[in-house]
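Single-letter residue listing:
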Amino acid sequence: MIMRIIAAVALLTGAASAQWLTTKTPNVPRTADGKPNLTAPAPRLADGKPDLSGIWNPNPKYVRDIAVDLKPGEVPMQPWAEAVFKERLAGLHSYEEPDANCLPQGVPKLDTAPAPWKLIQVPGQVVILYEAFTQFRQIFLDGRKLPVDPNPIWLGYSVGHWDGDTLVVESNGFNGKAWLDQVGHPTTEKLRVTEKYRRTDFGHMQIEITIDDPGAYTKPWTVKEGPTLLVDSELLEFVCSENEQDVKHMGTKK
Amino acid sequence: MLPRIILVSALLAAGPASAQWFHVTTPGIPRTPDGKPNLTAPTPRGPDGKPLLNGIWQMNGKYLQNIAADMKPEDVPYQPWAEQLFQARQNGALGKTDPAARCIPGMPKLDALPYPFKIIETPGMVMMLFEGFTTFRQIFTDGRELPKDPNPAWFGYSVGKWEGDDWVVNTIGIKESTWLDNAGRPHSDALHLIERFQRRDFGHMDILLTIDDPKAYTKPWTVKEDLRLIPDTELLEYVCVENEKDYGHLVGK
């Protein structure tokens, strides 16, 4: 994982010379000295629903291990999944990690990718623009159902609905190739992900993520993540295929 | 360019059939009595009277191959070095040097990909979500100025404003290694793109694209690209890096 940490450092140096990084985000409550007041109440839209929009910065510990807050053994892996996980944890397959090969992170790893993402609510859908790989994801809130026999894809198919102040996003149709994290919790085509987004105050979001994948786990399991709002900034361009030098240093083919 | 053409044909033909949400009913589309979208209905307008640009659009595919497809060849005002480089790239002779061959998208070819894109207007920013490369552009309409000395980027930096019924997008800061088209027309770091989005009616839009690059061209030149609305469907996922087989067959360094 050292190479990935180096890659993250490269991101930091990129930021320094980029543009529109000091844009003043409008409609942010501020203290008397002009600093954003991130503990002000969560904003609401005209229809009374929480306004989740903004640029959110994930806590980077979850991209390494989505289960970092769980106790060992609390991820209910099936035997084959545990065997794969242990090999991946030992670094035997790190060159195969899709993310390292500039393939999409999948959901929910994209939520935790160590680069910010911008959430935008428009009528009938939520769009998330990810700095990571400059990808986007559409979450439909127009009442459509999840597809019944979907063509498997990396980012799946996502629909959302409101449960009180919580946006509940359900996704299926994954291709089973994505890793849930860098340590390598596996997925299969049976994966269904439920993400519950709740903006607890102006500057903080909680995402409760349930992994329901009967192909790899004996029962659904749930983790929580908490991105923070990134104000007065903008997404940068992140093109993974440009000058990618990591993967040849990762692991060794058996 | 043969591999690229094969790739495009195969994907277009095979992708949609098995994909999902390919048949949704797009709300807000005027329809004829038999339920078909009426694509020649008037341009929809917002409360401010400006044309609405929202929708899934697909560009006439010929401009990806040749941005000057509608011009006489001698009407492209090359600087000598730009014409020499364009000639050197002819017939795929330097295909490997096109960043798109390595799955790196860039402007202005991104708009001209033969896959649809979705425009979503929001206060202060207009999104273009591209099926090709599953990537996006943000075009800021919040009054910010273009950056003065931008860090060069594949998509550049874009701001948009209304001039009458034209939505005018100015873009600078594009990396000079992108190509204007598959034929290989080059540009320099001085490239300034001006896109004028003109929605003619419900189902048709033109982009008047001006290439203003005094280092590569002796004067600004403009092409008109036509797009059609794609109703009752949704963008598919397109991951260029997955199982990419073209690059090894392209020539050049």
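Just so you know, these numbers come straight off a predicted model, no measurement behind them. In this numbering scheme, every chain counts its residues from 1 along its sequence in written order. All chains are assigned letters beginning with A, and all ligands numbers beginning with 1, in the order in which they are written. Local features in this predicted model are restricted to residues of pLDDT 70 or higher, and side-chain atom pairs are both shown and tallied only at a pLDDT of 80 or more, whereas totals for entire chains, interfaces and linings draw on every residue. Values shown for side chains rest on all heavy atoms present in the structure; no hydrogens or waters enter the calculation.

This paragraph deals with the overall build of chain B. Runs of E in the DSSP output that reach at least two residues are strands. Runs of H or I that reach at least four are helices, and both are numbered from the N terminus. Summing up its helical and strand segments, chain B has four helices and nine strands in all. Relative to the globule expectation of 18 Å for 253 residues, the C-alpha radius of gyration of chain B, 18 Å, shows essentially globular dimensions. If one aligns the C-alpha atoms of chain B with their principal axes, the spans along those axes are about 55 × 40 × 35 Å. Under the scheme applied here, a residue whose accessible area is under 20% of the maximum for its type counts as buried, over 50% as exposed, and between as partly exposed, the area being computed with a 1.4 Å probe on protein chains only. Taking all 253 residues of chain B together, the buried fraction comes to 56%. For this analysis, residues touch if any pair of their heavy atoms sits within 4.5 Å. Intrachain contacts of chain B at a sequence separation of at least 6 include 61% that bridge at least 24 residues. In this setup the radius of gyration rests on C-alpha atoms only. A globule is expected at 2.2 Å times the number of residues raised to 0.38.

Let us look at the interface of chain A and chain B. Listed per partner, the contact involves 44 residues of chain A and 42 residues of chain B. Together, the buried faces of chain A and chain B total about 3300 Å²; carbon and sulfur atoms form 63% of this surface. Salt-bridge detection follows one rule: a side-chain nitrogen of Lys or Arg within 4 Å of a carboxyl oxygen of Asp or Glu. For K177 of chain A, the salt bridge goes to E242 of chain B, with nearest N and O atoms at 2.8 Å. Distance and chemistry together define a polar contact, namely a pair of N or O atoms within 3.5 Å, with one atom able to donate a hydrogen and the other to accept it when in protein, and with adjacent residues in sequence counting only for side-chain atoms on both sides. In this assembly, chain A and chain B are joined by 16 residue pairs in polar contact (both at pLDDT 80 or more). Residue assignment for the side of chain A that touches chain B shows that the elements contributing at least two residues are α1 (2-17), β2 (117-122), β3 (125-130), β4 (135-140) and β5 (157-163) of chain A. Considered class by class, the residues forming the side of chain A that touches chain B number 22 nonpolar, 14 polar and eight charged. Summed over both partners, the accessible surface that disappears when two parts come together, traced with a 1.4 Å probe, is what is meant by buried area. Only Asp, Glu, Lys and Arg are considered charged in this grouping, and only Ala, Val, Leu, Ile, Met, Phe, Trp, Tyr, Cys and Pro are considered nonpolar; every other residue, Gly among them, is considered polar.

Counted according to the given criterion, the structure contains 25 salt bridges over all chains. In this structure, D69 of chain A and K61 of chain A form a salt bridge, with 3.0 Å as the shortest nitrogen-oxygen distance. On the accessibility criterion, D69 of chain A (46% relative accessible area) is partly exposed. By relative accessible area, which is 35% here, K61 of chain A ends up partly exposed. One salt bridge in this structure joins R31 of chain B and D232 of chain B, with 2.8 Å as the shortest N-O distance. Taken as a pair, R31 of chain B in the loop between α1 (2-18) and β1 (55-59) and D232 of chain B in the segment after β9 (221-229) lie far apart in primary sequence, 201 residues in all. For R31 of chain B, a relative accessible area of 30% translates into the label partly exposed. Counted as one network, the salt bridges with shared partners bring together K161, E163, D166 and R196 of chain B.

Moving on to the confidence of the model for chain A. Across chain A, the average pLDDT comes to 90, with 89% of residues at or above 70. Confidence over residues 1-18 of chain A falls short of pLDDT 50; this stretch has 20 contacts with residues more than four positions distant or in other chains. On a scale of 0 to 100, pLDDT captures the predictor's confidence in every residue.

Attention shifts here to the state of the cysteines. All names here are of chain A. When two cysteine sulfur atoms lie within 2.5 Å, the pair is treated as a disulfide. The final tally for this structure, using the stated rule, is two disulfides over all chains. Paired through a disulfide, C102 and C240 show a sulfur-sulfur distance of 2.2 Å. For the disulfide bridge between C102 and C240, the dihedral angle about the S-S bond is near -75 degrees, and by the sign convention the bridge is left-handed. Residue C102 is found in the loop between α3 (79-89) and α4 (109-112), and its partner C240 is found in the segment after β10 (228-229); the two are separated by 138 residues along the sequence.

All names here are of chain B. Across chain B, pLDDT averages 90, with 92% of residues at or above 70. In this model, residues 1-19 is a region of pLDDT below 50 whose contacts with residues beyond four sequence positions or in other chains number 26 contacts. Here the predicted complex carries an ipTM of 0.89, next to a pTM of 0.91.

As a further point, take helix α3 (residues 80-89) of chain B. Residue and element names in this part refer to chain B. All buried positions along α3 are accounted for by A82, F86 and R89. In a view along the axis of α3, the buried residues occupy a sector of 65 degrees, so they form one face of it. Away from its buried face by more than 90 degrees, α3 exposes P80 and Q84. When we speak of the arc, we mean the arc of directions from the helix axis to the C-beta atoms.

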